[in-house]
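Structural characterization, general
These are the residues of each chain, in order.
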Amino acid sequence: MDKEKINQLWDKYKDMIPYVIFGVLTTVVNIVAYWLFYRVFHVYMMVSNIIAWFASVLFAYLTNRKWVFHSEAETFEDYWKEILAFFAARLGTGILDWLIMFIFAEQMGLNDMVIKIVSNVVVIVLNYVASKFWIFKSKK
């Protein structure tokens, strides 16, 4: 593959590649934080899960704003609006994930792992769209 083709592919997928990399790292942060608080510090399971969610969303915000979507926020007000929008979007997709699991796995009795995978695909796509076109949209 020649250098020009590689550059074309990079230009086309320059947001998605780091989004996937930092998405994997965000998942690691979530799991490690959960394990640490629940297994090591013996914090109640659901509280540990909330702490892990918060830590992973904060990590995702910091990495997404700098290395994925290259935030243009310059003032405290810009940063504040951006982080609130990011957390609101992630809370919204978190609730959607919970609802999908509740309706299709819990209530309808469908395979929970299949539903969890489908739900995660929906959530990842919505998080990407919200980040690219709402939270970190370019001012240019």
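As the structure is a prediction and not an experimental result, all values here were calculated from the model.

To continue, consider the confidence of the model for the chain. In the predicted model, the chain carries a mean pLDDT of 91, and the fraction of residues at 70 or more is 98%. No element of the chain has a lower mean pLDDT than helix α1 (residues 3–13), at 85, and none a higher one than helix α4 (residues 76–107), at 94.

Listed in full, the buried residues belonging to helix α5 (residues 112–135) are Ile 115, Ser 119, Val 123, Asn 127, Tyr 128, Ala 130, Ser 131 and Ile 135. If you follow the buried residues of α5, they end up packed against α2 (16–40), α3 (45–68) and α4. Its side-chain oxygen at 2.9 Å from the backbone nitrogen of Met 113, Asn 111 defines the N-terminal cap of α5.

As a further point, take α3. Of all the positions in α3, only Ser 48, Ala 52, Ser 56, Val 57, Ala 60, Tyr 61, Thr 63, Asn 64, Arg 65 and Val 68 are classed as buried. Where the residues of α3 are buried, they touch α2, α4 and α5.

Two measures describe an aromatic ring pair: the distance that separates the ring centres and the angle between the ring planes. Scanning all chains against the criterion turns up 14 aromatic pairs. Look at Trp 53 and Phe 87: their rings are 6.0 Å apart centre to centre, the planes differ by 80°, and that puts the pair in the edge-to-face class. Taken together, the residues span a long stretch of sequence, with Trp 53 in helix α3 and Phe 87 in helix α4 at a distance of 34 residues. Members of the aromatic cluster, joined through ring pairs, are Tyr 19, Tyr 61, Phe 69, Phe 86, Tyr 128 and Phe 136.

Our focus in this paragraph is the nonpolar core. A general tendency of soluble globular proteins is for nonpolar side chains to be buried together. If you look at the biggest cluster of nonpolar residues, it comprises 16 residues, and the most contacted ones within it are Tyr 19, Tyr 61, Val 68, Phe 69, Phe 86, Ile 135 and Phe 136. Among the secondary structure elements, those contributing two or more residues to this core are α2, α3, α4 and α5. Broken down by element, this core gets its largest block of residues, five residues, from α4. In contact with Ile 135, other than residues within four places in its own chain, are Glu 82, Ala 85, Phe 86, Ala 89 and Ala 130.

This next bit is on the UniProt feature "domain: GtrA/DPMS transmembrane" (unreviewed entry) in the chain. Taking the numbering used here, the UniProt-annotated feature "domain: GtrA/DPMS transmembrane" (unreviewed entry) corresponds to residues 19–136. Here residues 19–136 is 86% helix and 0% strand, with 13 Å between the C-alpha atoms at its ends.

UniProt's entry tags residues 16–37, 43–62, 83–105 and 117–136 with the feature "transmembrane region" (unreviewed entry), counted in the numbering of this structure. Span residues 43–62 is 90% helix and 0% strand, its end C-alpha atoms 26 Å apart. Secondary structure across residues 83–105 divides into 100% helix and 0% strand, with the first and last C-alpha atoms of the span separated by 32 Å.

Topologically, Glu 82 is positioned in helix α4. Residues within four places of Glu 82 in sequence aside, it is in contact with Tyr 61, Arg 65, Ser 71, Ala 73, Ile 135 and Phe 136.

The topology assignment puts Thr 26 in helix α2. In this structure Thr 26 comes out as buried when scored by relative accessible area, which is 13%. If we skip the residues at most four places from it in the chain, Thr 26 touches Ser 56, Phe 59 and Ala 60.

α4 packs onto α3 with a crossing angle of 130° between their chain directions and a minimal axis gap of 10 Å. As judged from the angle between their axes, α3 and α4 are oblique. The two elements α3 and α4 cross, and the hand of that crossing is right-handed. Across the interface between the two elements, Trp 53, Phe 54, Val 57, Leu 58, Ala 60, Tyr 61, Asn 64 and Arg 65 from α3 touch Tyr 79, Glu 82, Ile 83, Phe 86, Phe 87, Arg 90 and Leu 91 from α4. The residue makeup of the contact of α3 with α4, split by class, is eleven nonpolar, one polar and three charged.

Conventions adopted
- Residues numbered from 1 in each chain as written.
- Predicted model: local features only at pLDDT ≥ 70, side-chain atom pairs only at ≥ 80, totals over all residues.
- Heavy atoms only, no water.
- pLDDT = per-residue confidence, 0-100.
- Helix = DSSP H or I, 4+ residues; strand = E, 2+ residues; numbered from the N terminus.
- Buried < 20%, exposed > 50% of the residue type's maximum accessible area, 1.4 Å probe, protein only.
- Contact = heavy atoms within 4.5 Å.
- Polar contact = N/O pair within 3.5 Å; in protein donor to acceptor, adjacent residues only side chain to side chain.
- Phe/Tyr/Trp six-rings, centres within 6.5 Å; stacked < 30°, edge-to-face > 60°.
- Core = buried A, V, L, I, M, F, W, Y, C linked by side-chain atoms within 4.5 Å.
- UniProt positions renumbered as here; feature names shortened; annotations may be inferred.
- Axes fitted to C-alpha atoms, helices over the stretch in contact; angles between N-to-C directions.
- Parallel < 35°, antiparallel > 145°, perpendicular 65-115°, else oblique.
- Left-handed = near helix turned anticlockwise from the far one by under 90°.
- Nonpolar A, V, L, I, M, F, W, Y, C, P; charged D, E, K, R; others polar.

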